[in-house]
Amino acid sequence: MNSTWSFGDDVPLEPLFKPGEPCCYHCGSPAPEGVPDFHARCQVCGFHLHTCPNCMFYNGLGCLILEPAIWSDTTVMGKFCPSFNWRESEGPG
Ligand SMILES: [Zn+2]
C-alpha cells in the first residue's frame with residue numbers, strides 16, 4: 001500500500017491542528033519544550049501551562065476532540081488531559 005492518511009479534501013484540518021512552539025497563552029512568554037507537567041505554570045505570569053487554551057485542539061470555545069478529561073474536577077481546563085499538544089502561536093502580530 002502506498003496511500004497516505006487523509007481526512008478528506010473538504011476538511012482543512014492542517015491550519016487548525018498545527019503544533020507549535022510552546023508559549024503561554026496568557027502572556028505569550030516562551031514555555032519549556034515538551035508537554036508541560038500537569039502542575040506546570042508560566043514562569044512569567046503564573047498561569048497554568050497544561051490547559052486547553054495552550055493546546056492545538058482548543059478552538060477558543062471548547063476542545064475539538066472532546067476529551068472527557070477536559071472536564072475533570074479542576075478549575076483548570078484540560079489540566080489532566082492526556083492529549084495536550086502545544087498550539088501554533090499566532091502572537092499579537
Ligand atoms: Zn504567562
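Residues numbered from 1 in each chain as written. Predicted model: local features only at pLDDT ≥ 70, side-chain atom pairs only at ≥ 80, totals over all residues. Heavy atoms only, no water.

## Notes on the overall build of the protein
A tally of helices and strands in the protein yields zero helices and zero strands. Every one of the 93 residues in the protein was classed for burial, and the buried ones make up 33%. A total of about 6600 Å² of accessible surface is found on the protein, and carbon and sulfur atoms cover 57% of it. (Helix = DSSP H or I, 4+ residues; strand = E, 2+ residues; numbered from the N terminus. Buried < 20%, exposed > 50% of the residue type's maximum accessible area, 1.4 Å probe, protein only. Areas by Shrake-Rupley, 256 points an atom, 1.4 Å probe, with all protein chains shown as cover.)

## Some thoughts on the coordination of the zinc ion
Put simply, the ideal angle at a metal is 109.5 degrees for four donors in tetrahedral geometry and 90 or 180 degrees for six donors in octahedral geometry. The protein atoms that coordinate the zinc ion are Cys24 (SG), Cys27 (SG), Cys42 (SG) and Cys45 (SG), at distances of 2.3 Å. Sequence spacing of the donor residues for the zinc ion, all on one chain, is C-x2-C-x14-C-x2-C. Cys24 sits in the buried class, given a relative accessible area of 2%. (Donors = N, O, S within 2.8 Å, 3.2 Å for Na, K, Ca; no water.)

## Looking at the packing of aromatic side chains
The full count for this structure, using the stated rule, is three aromatic pairs. Both rings, one in Phe38 and one in Phe80, keep their centres 5.4 Å apart while their planes meet at 70°; by these two values the pair is edge-to-face. The partly exposed category is assigned to Phe80, whose relative accessible area is 33%. (Phe/Tyr/Trp six-rings, centres within 6.5 Å; stacked < 30°, edge-to-face > 60°.)

## Considerations on the nonpolar core
With 11 residues, the main nonpolar core is built from Cys24, Ala31, Ala40, Cys42, Leu49, Cys55, Met56, Phe57, Cys63, Phe84 and Trp86. If sequence neighbours within four positions are ignored, Cys24 has contacts with Ser29, Cys42, Cys45, Leu49 and Asn54. (Core = buried A, V, L, I, M, F, W, Y, C linked by side-chain atoms within 4.5 Å. Contact = heavy atoms within 4.5 Å.)

## Thoughts on empty space enclosed by the protein
Inspection of the entire model under this criterion finds one cavity of 30 Å³ or more. When its volume is computed, the largest cavity comes out at roughly 60 Å³. Every residue lining the largest cavity is listed: Cys52, Cys55, Phe57, Tyr58, Cys63, Ile65, Gly78, Cys81, Ser83 and Phe84. Of the residues that constitute the lining of the largest cavity, the class distribution is eight nonpolar, two polar and no charged. (1 Å grid on protein atoms, 1.4 Å probe; cavity = no way out; pocket = protein on both sides within 12 Å on 5 of 7 lines; lining within 4 Å. Points joined across faces, edges and corners; volume = space filled by probe spheres on them. Nonpolar A, V, L, I, M, F, W, Y, C, P; charged D, E, K, R; others polar.)

## What about the environment of Asp37?
Residue classification places Asp37 among the partly exposed residues on the basis of a relative accessible area of 48%. In this structure the C-alpha to C-alpha distance between Asp37 and Phe80, which are 43 residues apart in sequence, comes to 9.3 Å. Within the local environment of Asp37, its side chain forms a polar contact with the backbone nitrogen of His39, the two atoms lying 2.9 Å apart. (Polar contact = N/O pair within 3.5 Å; in protein donor to acceptor, adjacent residues only side chain to side chain.)

## Considerations on the side chain of Asn54
For Asn54, a relative accessible area of 1% puts it in the buried group. At a separation of 2.9 Å, a polar atom in the side chain of Asn54 contacts the main-chain carbonyl oxygen of Leu49. For Asn54, the contacting residues outside a window of four places in its chain are Cys23, Cys24, Tyr25, His48, Leu49, Phe84, Asn85, Trp86 and Arg87.

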